[in-house]
Structure formats: structure tokens, C-alpha cells
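Observations on the model geometry
One-letter residues, chain by chain:
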Amino acid sequence: MGPFDRLDGRVRSCVGERGFSRFSDAQEQAIPLILDGRNIVLIAPTGTGKTESAMLPVFSSLVQNPSQGGISALYITPLRSLNRDILARMEWWCERLGLKIGVRHGDTPMSERRKQALSPPDLLITTPETLQALFMGKRLRKHLAGVRHVIVDEIHELAGSKRGAQLAVGLERLHVYAGSFQRIGLSATVGNPDTIGRFLCGERPFSVVQVPVAKQLDIAVKFAGTTFPEQVSALTSLIGHGGSTLVFVNTRVTAEALAHELIGRGDVEVHHGSLSKEVRIDAEERFKNGEVSTLICTSSMELGIDIGRVDHVVQFGSPREVARLVQRVGRAGHRLNAVSKGTILATGFSDLLESLVIAWRALRNEIEDVAIPVDAADVLANQVAAIAVEYGEIERGQVEEIVGRTAVFTKGTDLVDRVCRQMEEHRLIRLDGSRIVTTARARKYLAANLSMIHDERKVPVFDIATRRTVGTLDESFVVGFVHTEAVFITKGQLWRVIEIADGKLTVEPARKVQGELPSWEGEQIPVPFPVAQEAGAIRREKTAGDYTGDPDAVRYIGNFLLEMERNRTPVPSDRLVMLENTDEGVICNLCAGHKANEAFGRVVSALLSAKFGTTVGIELDAYRILLRLPSHVRAADVRDAIGALDPVTMPGILRLTLKRTALFKWKLVQIAKKFGAIDPDADFERISIQRLLDFFDKTVIQQEAYRELLTDYMDIETAAAVAGLIRKQEIAVKTGPLSIIGAEGLLTSRDEVPPPAADQAVMAAVKRRLESDEVILCCMHCRNWKSRTVVARVPERPVCPKCGARLIAALKPWEEQLYADANKKKKSEEERATELRLLKNANIVLSSGKKAVTALAARGVGPENAARILRSLTDGDAFYREILKAERTFVQTHRFWQ
Amino acid sequence: MNTRFIGGGPALLVKNRSRTLVVADLHIGIEADLAAHGWHIPSRSASRLERLLTCIAESDPDRVVLLGDVKHNLPQTTRQEYRELPGLLDAIREKAPLLVVPGNHDTGIARFLEPGELLPSGGAIIDGTGYTHGHTIPAPELAGHLILAGHHHPLVAIRDEVGCALRAPAYLRAGVDAAALFSRARKPGERQETGEPDPEKTVRGTRETRVLFMPAFNECAGFDVVRILRHPFSPLSRALRQETVEIFLADGTYLGPVRMTEPGEEYGPV
């Protein structure tokens, strides 16, 4: 009996009515398994009838075993707009099968919600967040007890995020009411389907049905030029030839820029998350009905919104990840088993190499793995609060059991205990022995924290010079980093903060580069390490021709590499790291991808920072790390620092370093919000945030900040492995002048690494002060020469230009008169004493040279103290520390306070 | 007069004929204010008290002066403050006599103090040094002295060529334009009371009036020194002779004049 025949008769006649002539591969394999009641993960490209694969057997089960009151099936999907599409299809089926269907999400009107509570649908379509809300109502909880099937759509999107972790716990909370239910996950192509299965089912058994996508992809890579006009023209040649085209871009800014250029044609529309719902729906409709033949979109269109037939997918600029390319191109050729045609338009040298590598891998189905977040403390806090409100009070053991059934929390750790204690500090719950009890704040907290998505308020930035608003910053960034006099970069401009008041940031243009980029959240997709390395290998082996037959692309790459040769700049690759000097610092050309470069760059910065006592700014992309350094630190110094890297100590250094950076504070604030420590509408203007954040030291909040940053934003394991290869000399590190590869490209993430010890910073400040102190050199031999200068300008061994002697006293500016006194023909007793002191002074300078002059310039340090400091025979930092000690003593004496 | 900078306070021990331990801006009860503004952290008054008692133990003073803003919330006194202040003040009294110069946040502090502990709001001279909170014009008798003041919570940011390296509590010492500061102490047309020291006369004398702004003891508070100087918000800060300003860290390390904390055109050999 084929799958078709196993379906209930009523379902079969609907299938006939719908006009399906045959089932897709996905459907053939999945339907029997679902009819058998098994848990299943179905991995197939978009447009292969995934939804029907799941729903037909579920409908079959629903009509054969009608509900006893209550909801029988939940269809969970991440985006609200998906509900519309699927709803339309489902409504058709349900109507014919006599099943009740409902939709519930954030925008569902009260009347509809009440209806659902009184008369629950058989099938409820909802979002992960609204599932959380369902547990809040007594009646709804009763209805949930009847759930027999749960379908999670676009599960690959959820599995890798905290939203997914929250959903996983939600499913186990559902289990408490409904007992065992069938779990069906619908996923796009991923590298590790089993992980998706574990995410969905915990330790329960599951099957994987995977429909390979590679045979269905036809991907070409074209070089579009290095300037925007060239790229637009390359795009224009691909669109409007009668078919429908989706043009994917990586950032909203690019989407708007392209739309601006092309909107005049009349057959182009744009679609991205910042546009209003009406505008987006309008664009979708017009594309679907053929009014518009080209739609420019961002990742908002990756998910399965039905926009009708797509003949061709164009990816503008490298897609960065293989999975992303596969999903995007997969939108083309909507009919079953038709080939999906895609073209990547590469926009520069590195972009082109990267695109070649990604296209190659896509055709070989080499897709990145999804990493599920494990032991995310803020997700746990959110769920503990939700469970506390749901039950009123509950034993901690029960909570541990619920989360222990998921794959996103490790069984048997003390995380639940630690999270509960932290939550209690913020009055989110109360602990009564082993019972967790809800508090008044908990409900209010949940109302604002139903989702794990950070609802960032945007703070407007107002330029006092032009009296205009120049942009917005994420509130968490403002809270974590901004203070008066802080300098940051936005819209390519430097700004200094004047005031934070009335919900806005008042700034003025700044000149010095001391900046941090406002937000790390957003559309920057990291290029994975293997892709960056392979692109580096193409540079080295000059094998672009193996990846593509396109003559323009091959020619461009060849010319570029030739130019590098002509300039005598070695080509950085997967085996060669080139360090190049620029005006702003040193560029480290390392092909390791964003996350490894981030970790590597920060550790090197920390070492440079410690060695030179200065802050180091970093900006990077997948192939380069720009280290902003003071002018005396050069490529050779960076090479030494890299040479000193020890893979074993790198993780520790990174953790230490991270703590004082803006990125860390931003994350800390976000996570603290999830723990109820900071309200969403908290006032950040009147309080010294910096000091407050210290409060979270050594807490589970800080631990989570580390965990998230070290898994999602930076990859220290790979960075350490690279350092290991450098040590073994399998990767060479050389210095050289700025090359066209080094100078190329968009640098995406900027931050600063402060020196590790406050001590260093103080030392640096004191050294600077002493260097710039004024000093009067006077010859105690001929008694006829004096010169006013600054310490920095004093030679190592001062010599009198008049008589050639080295017996030179160093006086502070207000002691100038003493020289005249000491040289009088007839001296009073006091003046005689002065002369003796000056001679003592000069003797010290005679024996210790400039070091003595430096010591004598310090506050309250006279010849006796100077002599003592010099006798300590210290050098460098230790010498300055002796000076500081002497000054500190002086500051506390009577003389200082007169 | 000698001083000892106690970095782990921050606190200052002033030694003249007797030993006075000075601490400014405790802001006990700040957590209730923070909670009202969306920041929910438990009270850290206990750890603050412990830190203060350590300073007392280390310095063995003859008296402890709290330089204002002992409590935080105004105009009312909160439940947290009612709960925490008595114990805290008693713990100090056990170790040494207590004197309090009231600050702008100290509304209603009198009911927590014993007779003789509360000094006038303009401040007072104790053992040769002047003490005032710093939100008002100091009492005229403080002219010609070194004046210790709180209220400003100075924080210094040390920057180098590339960015900001350190932010820490700081002391600010500076000369004060006494004529400008005290001349408004008396209303126009008012006659000077006999026996009251004439501030202008003192100014014309040889003793300069200087101020030492103390960092806040409460770890949550702080204003950048540059802001204090560029946008002064008190009579004292407005009367500063800016070219005489010197910055010290909490442990007494002398950082230098203000310009030393910022590199760039203003710094370095010519």
C-alpha cells in the first residue's frame, strides 16, 4: 500500500480535488512515517511540499480520531506573515474535512482569542512566543491537554537560537499537560540533521527524512565589478527578461540603494524587515500576480512566504554561508523537481573568491552545521519565571525535570539553582526552601519578556552642530557604553557625547579616532572559517579557473594577483599572514573568517595593549584585522606579539580582555534584562552605568554573557588552532607594505581593547606627565648657563654647552631663583644651604643622567628622595613606580597642603 | 596638616592636632531609587558599611566626618533607609565620634542623629580644615582654608592615543576665587554682624582658599571630571580657578593637571 492509500478516504478525495498528480520525494518518504506516529525531522528545500507532507497525515489522524474537546494539533511557525499563507492553504483543507482551524499570534484581536478559549480549534497555528502565552490561561491550559501532534516549521531557524531553546522548554511544559505527542520538524537543508532531531525531541527517538538539494541547483558566479554603478548595470542585465527574479542582498542599506537605482524601471519592488507590514504585503502580492517582475529583498524573504513562481534567484554580493545560498536559490523553480537557477553577482576581489567557494560547496551539499545553544542561563531564567507564574509555586526538582528533558539544557548541573538564586536577588521569584514561588514583579516581567528576542529601543542621536538627528543607537549599547565625553562612530562619522538626556543622545562632531561602532546586532552574517581558508587557498594556488568557467571572473582574479606581484606585495593566503603598516595602525591579513578573526584579533590586541600600555582599537572582516595602534607600534611589533601567542593561554586572555569592552557590556545589559535586573523602560540617564555593571561580576548573568559571546560572536578554538599552526610554522607570518588586498574591503566590527591593568594606564599617564614637565637645567661648574626645557627633550647625559662640564642641576620652574642665589658672591647661611642642595642635585644628574632629571621633576622629590629612588636601581615601569611612591608620600605631608 | 589617602574607601584621613577620617556621599538607600528607575539590585549597604569600618580600623581616627549625602532619597525617607541607617550610624559611633555635614539628599537626616552630630549645612571648620557638602555656598568662616567637599563624585577617565583606558574615582584639588565664591553669602545691603569673620578680609590676607573635592564612597555614583569643569553645577565648582586644578587617584597617585588625562594636541613634548 503506497502512502497515498494509507491516508483517510476523505483526505484522499481532497488531494484529488487539489489536483496533485503525484507526491514529491519528500512526501513519499515522510507520510508513512507520520502515519505510523513517529517523531520526524523532514529536511527538504522550499517548495517541495514540505507543509503538505506533514499536514496530510495529520489531517488523516484528526478526522479518524476526532478531538474530545481541546486542541489536537499545533502548527508552530516563526514569522507572523507565514501564518497568513499557511492559513489560506489550511483553511481550504480544514473546511472540506470538517476541521476547525484557528490562528493566534501577537496581533490576533481579543475577540478571536476569546472565541478560541471558549471553542478551541482542532488545529491552532501559532508562533513560539504565543505558545508561551498559552500557558498563562487556565482554560487554554486545559485545551492543551488534548494535543497529539506538534509541527514546528522552519525549525532550522529556531534550533540555532535562544528563541528555539525557549521553544524546546515550551514543548516540555506542554508535555506536562498533554503527555506524549508526535513531534514533526520541517527544516531547510542543514549540515547536521540529527542535531535538529535532538533539538526537537530531546532523548526521544526520531527519524530523519532528507531530500538532497544539490541535484536541483544550478548556480553561476559572475563578477559584477568593483564600483556600485558597474554592479547595478550587471544586475540590470539579469532582470526583466520575461521571468520573475528574486534579488537577495545582505543588508537593508544595500536593498534601499539598489531600489533607489532601479525603481524608475517600474517593474522592481523592494522588501525588507524595516518596511511596514502593508508595504511588504503589497510588494509580495504584486510580485505574485506578475505586476512586478523583480523583487529586491533581504533575509526576510528566505522563509517560506508564498510569492508564487520564481524563475531566477540573484544573490547580490557573496552570500557568506553555504546554507544561506542554498535556501535562497531554493526559492527558484517552485514546481516540484524543477531545477533552481541562481546567479551570484560578486562585488570585489575577496567577494568573488568567496562566492566561488560557496557556490562550489553548495553544489556538493557541503552545508554548515547548526549549533544549538546549550545551557543559556537567560532562557532558563525566562522559563523559570514563566513556570512560576503558570503554577504559582512549584518544586525546583520539577523545573529541573522539565528542562532536563530538552537537549538545550544539560542534565544534572546546578544551573537551575544558580539561576533561581540570581532571580531572587532581582525579586523576580521567591525561594522558599526548595519551592519556587512567583512574585508581583514576575507577571509584569513576562508581559514585556514573552520572547527571547531583544526588543531594542532606539535612542536618537542629535548633532548639536547641525541641529539634526543623525541616526539611532540601540539602547543596550547606550546603556552599556555611552558616557559623557565618549566618542563613537555612526554613519561613518566620529561623534563625541555631550549629554544623555530626555531619551536622546546629544553629540558634536569629534576629530580623534577613539571609536566604537554602535551596534553588533544586525545583518552581518559571519563567513565561516573553512570558506575563508579555501578562498585563501585559491589566492595561493591561483586555482580560480577550477571553480568557474566565467572568463571575466578568471581574468579579473588573474589581473588582481598580477598587480600584487608587480607591487611586490606578497599575497596573504591560508598559509601566509601578511602584516601591513598603514597610517592608522597595522592590518593583519588573516583568512580565518569573522568569528576566528574576532577572537584572534582581540587576543593580539590584548597582548599589544599590555606590552605598550595603550588601548588598541580593532576592526575586522573575514580576511583582515585592522589594529588601531599609536604611531610607534608597527607591523614588526605585531609580528612579535603573534609569535608569542600560546594556544593554551589564549582562551583565558580573551575572557579577561572581553570583560572591559563595549561588546561585553552590551550583552551584559541584554542578559540582565532577561533576568529582570533591568526593566525594559529603565532610566539610564541619571545613573553611572559603568559602576552598576560591575555589580554583575561573577554572577550567572556574566557567565551567560561570556558563553554567548564565545559561541556566537567569536571562535577561540579556531583562533587558538591557527596560533598553533603559526607556531609549527605551517602558517608563515611576514611584514610588508600596504597591499591592495590589505586596503580592500569593508570592515565590519569595531571595538576597543583596554590595557589589562589599571596600573598600566596610570603608569602611562604619569610617564606622559613627567615627560612634559618643565625643568631648568643649570650648570654648577661654570655657574654661567641655564636653560628651560621639558624632560622629554633632555639628553641622556646633559652637558653644559658653555664649559663642557656635566655637573648640571635640574630645577623645577619655580626654583629658578635658587640658581641666582647659589651663585652670589656673598651668600647668607640660607643661600649657602641652597648652593649645597643644588650641588647635591647636580651630582645626582652627573651620575644618573636623564633618569635623575626625570626623578627630580616629580612632585615633592628633591635631591634626597631622588638619590634614594635612583639607588633602588630600577628601570622602566619599576622606576616610575618608585617615583609614584615618592610622590604619594609627599602628597600626604604637611608641605603639600600648605 | 598631613593626610593619608585610603584607596579602598575611598576615604581621607586628615591629621593635624587630631585625626579625622572623612568619607563623602554614601548615598545609602540608592537601591530604592534605582528600582524606581528600572534597575533592580539588592541593597549593598552592608558591604559599604564593612568597607567603611575597615577604613576606620585602618586609620584609628579621633572622629569620623560624613561629608554629606549620607542617605539618598528625597524628599521622603524610604523604608530601606529607615531600616538601614540607624544600624549603620550606630556601627560608626561604636568606633569613633560621628559628625555629619548635611548634603542636598539628607532631608530628614536629623532624626537619625544624636545631639551635636549634625553640623550646619554651610559646613564647619574642624581642626583647621573646612568641611562642607558642596551643594551650597560654604559658610563664610571657611574662607582662607582648605575646604573638603563632596557632592561632585569626581571620576577621571584616562585616555591614550587610541581610546579610553581607565575610569576611576578621583580627587580634585584646586584654588578657589574666594571673592567670587563668598561675596554672595551676604545679601546686598546687609550689614556684617560683629564678630563674624569677614571673608573678603581673609581673602585679602595671605591665606588662599583651596578646595579638595572627594570622590563618592558609593560605587554607583560618578561624574566625569571634565564635565565638572566644563559644566560646573555648584557655587564651589563655578568658583574654581581652572588653571590650578590637579587630579589624584583614590590612593593619592598624582595624575597631573586636567590636560594630562587627555593626549593629543595638548600633550607631549613640543
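One structure accompanies this document, and this report is about it. (Residues numbered from 1 in each chain as written. Chains lettered and ligands numbered in written order. Predicted model: local features only at pLDDT ≥ 70, side-chain atom pairs only at ≥ 80, totals over all residues. Heavy atoms only, no water.)

**Some thoughts on the overall build of chain B**
Looking only at helices and strands, chain B features 7 helices and 14 strands. Sequence-distant contacts, at least 24 apart, represent 69% of the contacts inside chain B between residues at least 6 apart. (Helix = DSSP H or I, 4+ residues; strand = E, 2+ residues; numbered from the N terminus. Contact = heavy atoms within 4.5 Å.)

**Focus on helix α11 (residues 193–201) of chain A**
Since one α-helical turn is 3.6 residues long, residues separated by three or four positions face the same way. All names here are of chain A. Within α11, 7 of the 9 residues are buried, which leaves the element mostly enclosed by the surrounding structure. Packed against the buried residues of α11 are β1 (40–43), β5 (149–152), α9 (155–159), α10 (162–178), β6 (182–187) and β7 (207–210). Where α11 ends, the next residue or the one after it, Gly 202, has phi of about 65°, a positive value. (Buried < 20%, exposed > 50% of the residue type's maximum accessible area, 1.4 Å probe, protein only.)

**Re the pairing of strand β16 (residues 435–438) of chain A**
All names here are of chain A. Note: strand β14 (residues 393–395) against β16, 3 bridges, orientation antiparallel. Pairing of Glu 393 across the sheet is with Val 437, part of β16. Here strand β15 (residues 429–432) runs beside β16; their pairing, made up of 4 bridges, is antiparallel. Each residue of the ladder has a partner; that of Asp 432, found in β16, is Arg 435. Where β15 folds back onto β16 in an antiparallel hairpin, the turn is made up of 2 residues, including Gly 433, whose phi is positive at roughly 65°. (Pairing = 2+ DSSP bridges.)

**A short note on the nonpolar core**
Phe 600 and Ile 642 of chain A are the most contacted members of the largest nonpolar core, which has 136 residues in total. Core analysis: the next-biggest nonpolar cluster, separate from the first, contains 68 residues, Val 775 and Leu 856 of chain A together with Leu 181 and Val 225 of chain B among them. (Core = buried A, V, L, I, M, F, W, Y, C linked by side-chain atoms within 4.5 Å.)

**A word on the environment of Met 301 of chain A**
Residues and elements named next belong to chain A. On the secondary structure map, Met 301 appears in the loop between β11 (294–297) and β12 (312–316). You can call Met 301 buried: its relative accessible area is 0%. Sequence separation between Met 301 and Glu 284 is 17 residues; the distance between their C-alpha atoms is 9.7 Å. With sequence-adjacent residues up to four places away left out, Met 301 is seen in contact with Leu 246, Phe 248, His 271, Glu 284, Leu 295, Ile 307 and Arg 331.

**Observations regarding the pattern of salt bridges**
All names here are of chain A. All told, the structure shown has 66 salt bridges over all chains when counted by the stated rule. A salt bridge links Arg 707 to Glu 704, with the shortest nitrogen-to-oxygen separation between them at 2.9 Å. Residue Arg 707 and its partner Glu 704 are located together in helix α30 (residues 700–713), separated by 3 residues, close to a single helical turn. Arg 707 sits in the buried class, given a relative accessible area of 18%. The class of Glu 704 is buried, set by a relative accessible area of 2%. Close ionic contact of Arg 783 with Glu 835 constitutes a salt bridge, the shortest N to O distance being 2.9 Å. With a gap of 52 residues between them, Arg 783 in the loop between β28 (774–779) and β29 (786–790) and Glu 835 in helix α35 (residues 829–848) connect regions that are remote in the sequence. (Salt bridge = Lys/Arg side-chain N within 4 Å of Asp/Glu carboxyl O.)

**Concerning the side chain of Glu 619 of chain A**
Residues and elements named next belong to chain A. Structurally, Glu 619 is set in strand β24 (residues 616–620). A relative accessible area of 5% means that Glu 619 is categorised as buried. At 2.7 Å, the side chain of Glu 619 and the side chain of Arg 628 are in polar contact. (Polar contact = N/O pair within 3.5 Å; in protein donor to acceptor, adjacent residues only side chain to side chain.)

**Focus: the packing of helix α17 (residues 377–391) of chain A against helix α20 (residues 440–448) of chain A**
Residues and elements named next belong to chain A. Here α17 crosses α20 at 120°, and the two axes come no closer than 9 Å. When the axis of α17 is compared with that of α20, the two are oblique. In this structure, the crossing between α17 and α20 has a hand that is left-handed. Facing α17, whose interface residues are Asn 382, Ala 385, Ala 386 and Val 389, α20 presents Ala 442, Arg 443, Tyr 445 and Leu 446. Here the residues of the contact of α17 with α20 sort into 6 nonpolar, 1 polar and 1 charged. (Axes fitted to C-alpha atoms, helices over the stretch in contact; angles between N-to-C directions. Parallel < 35°, antiparallel > 145°, perpendicular 65-115°, else oblique. Left-handed = near helix turned anticlockwise from the far one by under 90°. Nonpolar A, V, L, I, M, F, W, Y, C, P; charged D, E, K, R; others polar.)

**Some details on the sheet that holds β1 of chain A**
Residues and elements named next belong to chain A. Strand order in the open sheet formed by 7 strands is β3-β4-β2-β5-β6-β1-β7, with parallel pairing between adjacent strands. This sheet does not close on itself; its edge strands, each paired only once, are β3 (101–104) and β7. The mean angle between the axes of side-by-side strands here comes to 15°, regardless of whether they run parallel or antiparallel. Here strand β2 (residues 73–76) pairs with strand β4 (residues 123–126) via 4 bridges, running parallel. Bridging from a neighbouring strand, Leu 74 pairs with Leu 124 of β4. Across the face of the sheet, helix α6 (residues 110–118) comes into contact with β3 and β4 while running at roughly 130° to β3.

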